[in-house]
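Given next are the chains, with one letter for each unit.
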Amino acid sequence: MATGTPDSQARFGQSVKGLLTEKVNTCGTDVIALTKQVLKGSRSAEMLGQAARNMVLQEDAILHSEDSLRKMAIITTHLQYQQEAIQKNVEQSSDLQDQLKHLLK
């Protein structure tokens, strides 16, 4: 190593120290950025997991609603049959009442 004046050695030492400090700061900044990215990725995974769970819950609700709609359609059909039967009975009842009135005259 070349020997220089103590003043030039001190300046060289300060220069090296400054470069090392800059590199350490850059590495620290990079580590912080990497940590933030990892945490962001972790939160993204958590959000995706929650979205998947919500989707499953919604799918269950939709399937339950479809089942309820099928049951309501069956009930509606049965009510229509009952309504038709009642209507026929009312018509027959009216006819019977008319026949009874004619007989009682």
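Residues numbered from 1 in each chain as written. Predicted model: local features only at pLDDT ≥ 70, side-chain atom pairs only at ≥ 80, totals over all residues. Heavy atoms only, no water.

Q: Could you give an account of the overall build of the chain, with specific residues and numbers?
A: Within the chain, the regular secondary structure consists of 1 helix and 0 strands. Computed over the C-alpha atoms, the radius of gyration of the chain is 44 Å, more than 25% above the 13 Å expected from 2.2 N^0.38 for a compact globule of 105 residues. Taking the principal axes of the C-alpha coordinates as reference, the chain spans close to 145 × 20 × 10 Å. The buried share of the chain, taken over its 105 residues, is 0%. (Helix = DSSP H or I, 4+ residues; strand = E, 2+ residues; numbered from the N terminus. Rg over C-alpha atoms; globule rule 2.2 N^0.38 Å. Buried < 20%, exposed > 50% of the residue type's maximum accessible area, 1.4 Å probe, protein only.)

Q: Just give me the short version of a nonpolar patch on the surface, but keep the residues and values in it.
A: On the surface, a nonpolar cluster with roughly 290 Å² of combined accessible area is contributed by Phe 12, Val 16 and Leu 20. Along the chain, Phe 12 turns up in helix α1 (residues 6–104). Under the relative-accessibility criterion, Phe 12 is labelled exposed at 53%. (Patch = residues over 30% accessible without salt bridge, like charges linked within 9 Å, V, L, I, M, F, W, Y side chains within 5 Å. Areas by Shrake-Rupley, 256 points an atom, 1.4 Å probe, with all protein chains shown as cover. Salt bridge = Lys/Arg side-chain N within 4 Å of Asp/Glu carboxyl O.)

Q: Explain the pattern of salt bridges residue by residue, including any values.
A: Where charged atoms from two side chains of opposite charge approach closely, those side chains can pair. A complete count under the given rule lists 2 salt bridges for this structure. We note a salt bridge from Asp 67 to Arg 70, for which the minimum N-O separation is 3.7 Å. Within this pair, Asp 67 and its partner Arg 70 are both found in helix α1, separated by 3 residues, close to a single helical turn. Between Lys 71 and Asp 67 there is a salt bridge; the shortest N-O distance is 3.4 Å. Residue Lys 71 and its partner Asp 67 are both found in helix α1; the two are separated by 4 residues, about one turn of the helix. Given the relative accessible area of 48%, Lys 71 is considered partly exposed. Because the salt bridges share partners, they merge into one network encompassing Asp 67, Arg 70 and Lys 71.

Q: Give me the lowdown on the environment of Lys 23, citing residues and values where you can.
A: Residue position: Lys 23 is located in helix α1. A residue is classified by how much of its surface remains accessible, and Lys 23, at 59% relative accessible area, is exposed. A sequence separation of 30 residues divides Lys 23 from Arg 53, and the C-alpha atoms of the two residues are 45 Å apart.

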